[in-house]
Amino acid sequence: MIGDIRSILLLCAAFSQTRQVHAGDESLDRLKTLSLQELTATTVSLAAKSQQTLQEAAAAAYVISNEEIRRSGMQSIPEILRKVPGLEVARVDANQWAITSRGFNGAFANKLLVMVDGRTVYDPFNSGVYWNEQDYPLEDIDRIEVIRGPGATMWGSNAVNGVINIVTRTAQESQGTLVSAGASHEEPGFGTLRYGGQLNPDLHYRVYGKYNHRDDFHFSDGSKASDNLDLGRAGFRSDWTPNAQETLTLQGDYFNGTMQQTLTGADAAMPDRMQKQGGNLLLRWQRTLANGNRVQIRSYFDHATRQQMRLDHRRDTFDFDVQHSFHWRSHATTWGAGYRFNSDQLTQKLALLTFDQARRDLHLFNLFAQDEWRPFGDAWRLIYGGKLEHNDFTGFELQPTARLLWSPDQQHSVWAAVSRAVRVPSRVEHDLNLLYNFAPGVTTNIRGGDSFKSETALSYELGYRFFPNRSFNLDTTLFYCDYARLSTTEPQTPIIGVGGVLIPYQIANMAQGETYGWETALNWRASEFWRLQGSYSLFGMAIHKDPQSLDSAAAIAEGNSPRQRFNLSAYINLPNQLEFDSHWYYTDRLANGVSAYHRLDLRLGWQPSLHLELAAGVQNLLDNRHLEFIPPQDNPVLSSEMERNYYLKATLRF
């Protein structure tokens, strides 16, 4: 492996000497002198479904730019999300993550909506995201937009505690050839090959292929876990711009690979191998009308299959969405409608695990509108609207919001919001029928059912942003969220038979709760060669069972989120096009048994021209390895420990 890396580095160095070094140096020098606003992504589209500056967003918005992705040293999207204030990111094992915003974390955190270019990757089967399948070339990601708090009015159900949209670059912005390869202790081999070209001046395209292998982690006793991953991915994107007002985008991806995990069993741990493959195709047409009005039509098809020891799962999704934005006097309005069809097919492999319907088709309709009204000029903005959805499990759901933004000048903005959001039942909560040998002679039977309702959340937020000059900005948010009809698992009357005792459990909505906290982030460009980023978040949660509830584990969600988190990043530009970056992360202990931990990542990069970049680094320097998350009882995955990791990476562009 070391020999391969040395060959890559020598090839890249030799190639770079043949390029127009002086032109590259001038471009790099220009990059080094950009303002803080130019270095960091300062626009976001998640809050209003149209581009607006962060200062204009009446929401807890955060954006990770392509430059910050490059200098993070991270090789995966879930790891990059550690930089977002208030976002909880923890490794479950070598290839699985628990990620959420504002509590209720889990390997399938069910109150966080995640999208890629507007295509949802939230799986309705188990209300979660398969993060290890979201492995796109990092060089082609333009930015990652994050809204902490409800985003249901614009993006629909399940955007209860946050929304993430991974936005890729246009084909026009990714022209030429890119070769990226490297190796690390955690990933013995990873690489990306991408080529972008044009068929005519108005039609650009790119194609890519990517592969990575993640090695096994270890358990706390030093034994090796079975949790490695091999995944290959290929895809394309084309953008056609026949005129200045119109854009047509067609893009798609395909992935295929295997992952392993270790499951808990009645008697011992069991390795489980999952074969997974899938693909998607997205078509989006946008047209800018007179006076800045805009219309967009988007449709996609998504397919995935996952085959594992207990169950095979196949899912097909078709989505169609249309939206129209227009201005009228002091109003800016966006409205639209959509339809989504989900079809899944389950093949049981164990007699103990069944679903009431092996195949189920689900239909989701929605209609939404949001208006921004400026009654007294640009200083005051009232944003209000709502989304009406109809799903096959709970019928109609209304998710409104009202937000107020006050910007007295260019340096200050204050906003407040109250929003309602819902999480609709998953296929598991509705149709599950699971038998589990709890002890000799004692069997439990966990069942879903028609009586399970949507969980609801009423959220209150207050935010402040301070932009005193081109070198500093501060963003802070206070929030309180009131939850109702939270999921519980209720024991029923035991049934005593010849073979032993059967204890039925019914999935129900017999708990309430509240979360509250403070999130703050700052950016400071101390000099032309030194920039600092920091964030702090304080979080609290309380879960209350209904008086009739007998669920002894209802409050377990309180123990899955840290009370405090702290991040500090320093980006230093050194002479001779060298870069030295450090990232320090602190995560408080979890009440479920995970100790507090520090993580320090260091990166040394050399970018002699725009065509070549070499980087070396270490992650988790302060600790040989540590535990970050323990899945709750309803998830049988055994967690392993995050390890210290060394890496080398070379990127070549031409």
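Calculation rules
- Residues numbered from 1 in each chain as written.
- Predicted model: local features only at pLDDT ≥ 70, side-chain atom pairs only at ≥ 80, totals over all residues.
- Heavy atoms only, no water.
- Helix = DSSP H or I, 4+ residues; strand = E, 2+ residues; numbered from the N terminus.
- Rg over C-alpha atoms; globule rule 2.2 N^0.38 Å.
- Buried < 20%, exposed > 50% of the residue type's maximum accessible area, 1.4 Å probe, protein only.
- Contact = heavy atoms within 4.5 Å.
- Areas by Shrake-Rupley, 256 points an atom, 1.4 Å probe, with all protein chains shown as cover.
- Lys, Arg positive; Asp, Glu negative; His and termini not counted.
- Charge placed at Lys NZ, Arg CZ, Asp CG, Glu CD.
- Polar contact = N/O pair within 3.5 Å; in protein donor to acceptor, adjacent residues only side chain to side chain.
- Phe/Tyr/Trp six-rings, centres within 6.5 Å; stacked < 30°, edge-to-face > 60°.
- Core = buried A, V, L, I, M, F, W, Y, C linked by side-chain atoms within 4.5 Å.
- Pairing = 2+ DSSP bridges.

Student: Before we move on, could you go through the overall build of the protein chain and cite the residues and values that matter?
Tutor: When helices and strands are counted, the protein chain shows seven helices and 40 strands. At 25 Å, the protein chain has a C-alpha radius of gyration in line with the 26 Å of a compact globule built from 654 residues. Taking the principal axes of the C-alpha coordinates as reference, the protein chain spans close to 85 × 65 × 45 Å. Split into buried and exposed, the 654 residues of the protein chain put 57% on the buried side. The long-range fraction of contacts in the protein chain, counting pairs at least 24 apart against all pairs at least 6 apart in sequence, stands at 62%. Entry remark: accessible area of the protein chain is about 26,600 Å², with carbon and sulfur atoms responsible for 60%. Of the charged side chains in the protein chain, 62 are positive and 72 negative; the average position of the first set lies 3 Å away from that of the second.

Student: Before we move on, can you summarise the side chain of Arg 381 with the specific residues and values?
Tutor: Locating Arg 381 in the fold gives a position in strand β24 (residues 380-391). Here the side chain of Arg 381 touches Glu 56 through a polar contact of 3.4 Å, side chain to side chain. Not counting residues up to four positions away in its chain, the partners in contact with Arg 381 are Glu 56, Glu 372, Trp 373, Arg 374, Arg 403, Leu 404 and Leu 405.

Student: How would you sum up the packing of aromatic side chains? Please name residues and give values.
Tutor: Counting across every chain of the model gives 12 aromatic pairs. Seen in terms of ring centroids, Phe 125 and Phe 355 are 5.6 Å apart; in terms of plane orientation they differ by 40°. Their pairing is tilted. Residue Phe 125 is located in the loop between β8 (122-123) and β9 (128-129), and its partner Phe 355 is located in strand β21 (residues 353-355); the two are separated by 230 residues in the primary sequence. Judged by relative accessible area, Phe 125 falls into the buried class, the value being 9%.

Student: Requested: an account of the nonpolar core, with residues and values cited.
Tutor: Core analysis: the largest hydrophobic core is formed by 28 residues, its most contacted members being Ile 77, Leu 81, Ile 99, Trp 131, Ile 144 and Ile 164. Broken down by secondary-structure element, the contributors of at least two residues to this core are β3 (60-65), α5 (77-80), β4 (87-91), β5 (97-101), β6 (112-116), β10 (141-148) and β11 (162-168). Among residues more than four places away in sequence, those in contact with Ile 164 are Leu 46, Leu 81, Leu 87, Leu 112, Leu 113, Val 114, Met 115, Trp 131, Ile 144, Glu 145 and Val 146. Within the second largest apolar cluster, 17 residues are counted, among which are Val 44, Ala 57, Ala 59 and Tyr 122.

Student: Could you give me a rundown of the pairing of strand β17 (residues 270-288), with the residues and numbers involved?
Tutor: In terms of strand pairing, strand β16 (residues 246-263) meets β17 through 18 bridges, oriented antiparallel. Residue Asp 253 lies in a different strand from β17, and its bridge partner there is Asn 280. The antiparallel pairing of β17 with strand β18 (residues 294-307) creates a hairpin that spans five residues between the two strands, and Asn 291 there sits at a positive phi of about 60°.

Student: Provide a residue-level description of the pairing of β18, including the pertinent values.
Tutor: β18 sits mainly inside the fold: 10 of its 14 residues count as buried. Bridge count between β17 and β18: 14 bridges; the pairing is antiparallel. In the sheet register, Gly 278 faces β18, and the bridge partner there is Ala 304. The pairing of β18 with strand β19 (residues 311-328) spans 14 bridges and is classified as antiparallel. Of the residues in β19, the one forming a bridge with Gln 296 is Gln 323.

Student: Before we move on, can you summarise unusual backbone geometry with the specific residues and values?
Tutor: Note on backbone geometry: most residues besides glycine have negative phi, and most peptide bonds are trans. A positive phi angle is found at Lys 49, which is not glycine, with a value near 60°. Counting through the fold element by element, Lys 49 comes out in the loop between β1 (43-44) and β2 (52-53). Although it is not a glycine, Asn 576 sits at a positive phi angle of roughly 60°. Its place among the elements puts Asn 576 in the loop between β34 (564-574) and β35 (578-587). Classification of Asn 576 as exposed rests on a relative accessible area of 65%.

Student: An account of the sheet that holds β3 is requested, with residue identities and associated values reported.
Tutor: Ordered by their spatial adjacency, five strands build an open sheet running β3-β10-β11-β6-β7, and the pairing between neighbours is mixed. Each having just a single partner strand, β3 and β7 (119-120) make up the two edges of the open sheet. Judged from the two bridges that link them, β6 and β7 form a sheet pairing that is antiparallel. What sits directly across from Val 116, in β7, is Arg 119.

Note that every value here comes from positions in space, so none of it alone points to a role or purpose.
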